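Residue-level listing of the chains:
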Amino acid sequence: MIEVKNLRKQFVIKDKVFGIEKGVVNAVNGIDFEISKGETLGLVGESGSGKSTIGRLILRLLEPTDGKVFLDGRDISTIGNREFRKLRKELQVIFQNPYAALDTKMIVQDILTQPLQIHKIVNPLDYKKEVERLLEMVGLPKEDGKKLPHEFSGGQRQRIAIAKALATRPKFIVCDEAVSALDVSVQSQILNLLMDLQEEFGLSYLFISHDLSVIRHVSHKVAVMYLGKIVEKGMVDEIFENPKHPYTKALMSASPIPEPGKQLNRIKLEGEIPSAMEIPKGCAFHDRCIQKLEKCCAIEPPMIKLESGRVVACHLYMKGDEQGEK
Ligand code: SF4
């Protein structure tokens, strides 16, 4: 239901005093993926890989430099702002910090009534009942509607942010580090809540997180990003248990496996992710890759479809191949 095609975003950096162009940040460099109804795509990668920018581009909080976003087959990247506002209720976001989404001076009941009013979700006579329903859905008592955001714990505030996102009855939600600021025990409560809501309402999620165990817990499919590109994409278990791309291997080797005694050999990633203003030639990962070939410094690897259906951008693999040159 969400389809992203060749999505790109460049930020032009200008000198603050003279306004002269200093360079271009290639934050997102031609991304393709699909998320079906009731499905979660986990997006992983180091900070600076472009994960959050993708979420913002889909929601049109940023304008893409190129590429398209489709919702149920309709191109929503080029429709006018007025038309997009009508569709806005279908696409929601949950950020890391719920304070960003909640007006701290308003009681919860008013916070949750706002989207109902703006998007005309229910009859005004039913606002109170609908707010109570939303609170119940996220596991909060209806009496909490009378409280201000600061009267809640971090986990409860995130529940309110989720209720607010659900108020417009969306089809698709971007969860951008949605549980990163919470304690581990609260994290699992919120993740389970999101998964229950997904099952009940057929929601689709783009789940952005730097935490691989969170991604593994919630995702059906995973896309691994490096310097604005997807380098590997596939079903969650195959990506975590048998990663193919050297970057994915390094990332996953640091992630605990939920099977006692089993652990991938730890691969230490040397160096820092390069600047998105100076993306290396050839494979962007070649400076840090322990398996690099001669051609990796000069030729950018194409996205190859492996036998199992997963895709990987690495010269070690050929079309239909699964093993690669080990
Ligand atoms: Fe490493 Fe080459 Fe594959 Fe890039 S293309 S990940 S440098 S082996």
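What you see is a predicted model, and the numbers here were worked out from it, not measured in a lab.

Digging into the overall build of the protein chain
Alright, step 1. The number of helices and strands found in the protein chain is nine helices and 12 strands.
Alright, step 2. Compactness check: the protein chain gives a C-alpha radius of gyration of 21 Å against a globular reference of 20 Å for 326 residues, within 12% of the reference.
Alright, step 3. Along the first, second and third principal axes, the C-alpha set of the protein chain runs to 70 × 60 × 40 Å.
Alright, step 4. Taking the contacts inside the protein chain whose residues are at least 6 apart along the sequence as the reference set, 61% of them involve residues at least 24 apart.
Alright, step 5. Total accessible area on the protein chain is roughly 16,300 Å²; 50% of this is exposed by carbon and sulfur atoms.

With respect to the pattern of salt bridges
Alright, step 1. Overall, the coordinates contain 17 salt bridges when judged by the stated rule.
Alright, step 2. Between Lys-221 and Glu-39 there is a salt bridge, with its nearest N and O atoms 3.1 Å apart. In this pair, Lys-221 sits in strand S9 (residues 221–226) while Glu-39 sits in the loop between strand S2 (21–35) and strand S3 (40–44), placing the two residues 182 residues apart along the sequence.
Alright, step 3. Classification of Glu-39 by relative accessible area gives buried; the value is 14%.
Alright, step 4. In this structure, Lys-171 engages Asp-72 in a salt bridge whose closest nitrogen and oxygen atoms are separated by 2.7 Å. Linking Lys-171 in the loop between helix H5 (154–166) and strand S7 (172–176) with Asp-72 in the loop between strand S4 (66–71) and strand S5 (74–75), this pair joins segments that are 99 residues apart in sequence.
Alright, step 5. Looking at Lys-171, the relative accessible area reads 32%, which means it is partly exposed.
Alright, step 6. Salt bridges sharing partners connect three or more residues here, namely Arg-74, Glu-83 and Lys-86.

Structural notes on the sheet that holds S9
Alright, step 1. What the eight strands build is an open sheet, ordered S6-S7-S8-S3-S9-S10-S12-S11; its pairing is mixed. A strand with exactly one partner marks an edge of an open sheet, and here the two such strands are strand S6 (91–94) and strand S11 (303–305). Neighbour-to-neighbour, the strand axes of the sheet open up by a mean angle of 20°, direction not taken into account.
Alright, step 2. Pairing geometry for S6 and S7, over four bridges, is parallel. Across the sheet, residue Ile-94 finds its bridge partner in S7, namely Cys-175.
Alright, step 3. Contacting S6 and S7, H5 crosses the sheet at an angle of about 175° to S6.
Alright, step 4. In the packing of helix H6 (residues 184–201) onto the sheet, contacts are made with S3, S6, S7 and strand S8 (204–208), and the angle to S8 comes to roughly 155°.

Side note on empty space enclosed by the protein
Alright, step 1. Within the structure shown, the criterion is met by two cavities of 30 Å³ or more.
Alright, step 2. For the largest cavity, the calculated volume is near 90 Å³.
Alright, step 3. Contributing to the lining of the largest cavity are 15 residues, with Cys-283, Cys-289, Cys-296, Cys-314 and His-315 lying nearest its centre.
Alright, step 4. Of the residues contributing to the lining of the largest cavity, the split by class is 10 nonpolar, four polar and one charged.
Alright, step 5. Considered as a void within the structure, the second largest cavity measures approximately 50 Å³ in volume.
Alright, step 6. Together, Pro-246, Ala-250, Ile-267, Lys-268, Leu-269, Phe-285, Arg-288, Cys-289 and Ile-290 line the second largest cavity.
Alright, step 7. Considering only residue class, the lining of the second largest cavity consists of seven nonpolar, no polar and two charged.

Remarks on the site of the ligand
Alright, step 1. With respect to spatial proximity, 13 residues lie near the ligand, and among them Cys-283, Cys-289, Cys-296, Cys-314 and His-315 are the closest.
Alright, step 2. Among the cavities detected, the one that contains the ligand is the largest cavity.

Considering the side chain of Asp-176
Alright, step 1. Inspection of the secondary structure puts Asp-176 in strand S7.
Alright, step 2. The exposure class assigned to Asp-176 is buried, which follows from its relative accessible area of 7%.
Alright, step 3. Here Asp-176 is in contact with Ser-52, Arg-56, Ile-94, Phe-95, Gln-96 and Ile-208, once residues within four sequence places are set aside.

Details of the nonpolar core
Alright, step 1. With 89 residues, the main nonpolar core has Ile-31, Phe-33, Ile-54, Ile-58, Ile-162, Leu-166 and Leu-206 as its most contacted residues.
Alright, step 2. Those residues within four positions of Ile-58 in sequence are excluded, and the remaining contacts are Ile-2, Val-4, Phe-33, Val-69, Ile-76, Leu-91, Phe-172 and Leu-206.
Alright, step 3. In terms of nonpolar packing, the next biggest core, distinct from the first, is built from six residues, Ile-304, Leu-306, Val-312 and Leu-316 among them.

What to know about the sheet that holds S4
Alright, step 1. If you trace the four strands from one edge of the open sheet to the other, you get S2-S1-S4-S5, paired in antiparallel fashion. Looking at which strands have only one partner, the edges of the open sheet turn out to be S2 and S5.
Alright, step 2. Where strand S1 (residues 2–14) and S2 come together, 11 bridges link them in antiparallel fashion. Each bridged residue has a counterpart across the sheet, and for Gln-10 the counterpart in S2 is Asn-26.

Points about the packing of aromatic side chains
Alright, step 1. Under the criterion given, the structure shown has three aromatic pairs.
Alright, step 2. Aromatic pair Tyr-247 and Phe-285: ring centres 5.2 Å apart, planes at 65°, arrangement edge-to-face. Here Tyr-247 is found in helix H9 (residues 246–253), whereas its partner Phe-285 is found in the loop between H9 and S11, with 38 residues between them in sequence.
Alright, step 3. Positioned over the ring face of Phe-152 is Lys-147, at 5.4 Å from the centre of the ring.

How each quantity is defined
- Residues numbered from 1 in each chain as written.
- Predicted model: local features only at pLDDT ≥ 70, side-chain atom pairs only at ≥ 80, totals over all residues.
- Heavy atoms only, no water.
- Helix = DSSP H or I, 4+ residues; strand = E, 2+ residues; numbered from the N terminus.
- Rg over C-alpha atoms; globule rule 2.2 N^0.38 Å.
- Contact = heavy atoms within 4.5 Å.
- Areas by Shrake-Rupley, 256 points an atom, 1.4 Å probe, with all protein chains shown as cover.
- Salt bridge = Lys/Arg side-chain N within 4 Å of Asp/Glu carboxyl O.
- Buried < 20%, exposed > 50% of the residue type's maximum accessible area, 1.4 Å probe, protein only.
- Pairing = 2+ DSSP bridges.
- Axes fitted to C-alpha atoms, helices over the stretch in contact; angles between N-to-C directions.
- 1 Å grid on protein atoms, 1.4 Å probe; cavity = no way out; pocket = protein on both sides within 12 Å on 5 of 7 lines; lining within 4 Å.
- Points joined across faces, edges and corners; volume = space filled by probe spheres on them.
- Nonpolar A, V, L, I, M, F, W, Y, C, P; charged D, E, K, R; others polar.
- Near = heavy atom within 4 Å.
- Sits in = over half its atoms within 2 Å of the grid points.
- Core = buried A, V, L, I, M, F, W, Y, C linked by side-chain atoms within 4.5 Å.
- Phe/Tyr/Trp six-rings, centres within 6.5 Å; stacked < 30°, edge-to-face > 60°.
- Lys NZ or Arg CZ within 6 Å of the ring centre and 35° of its normal.

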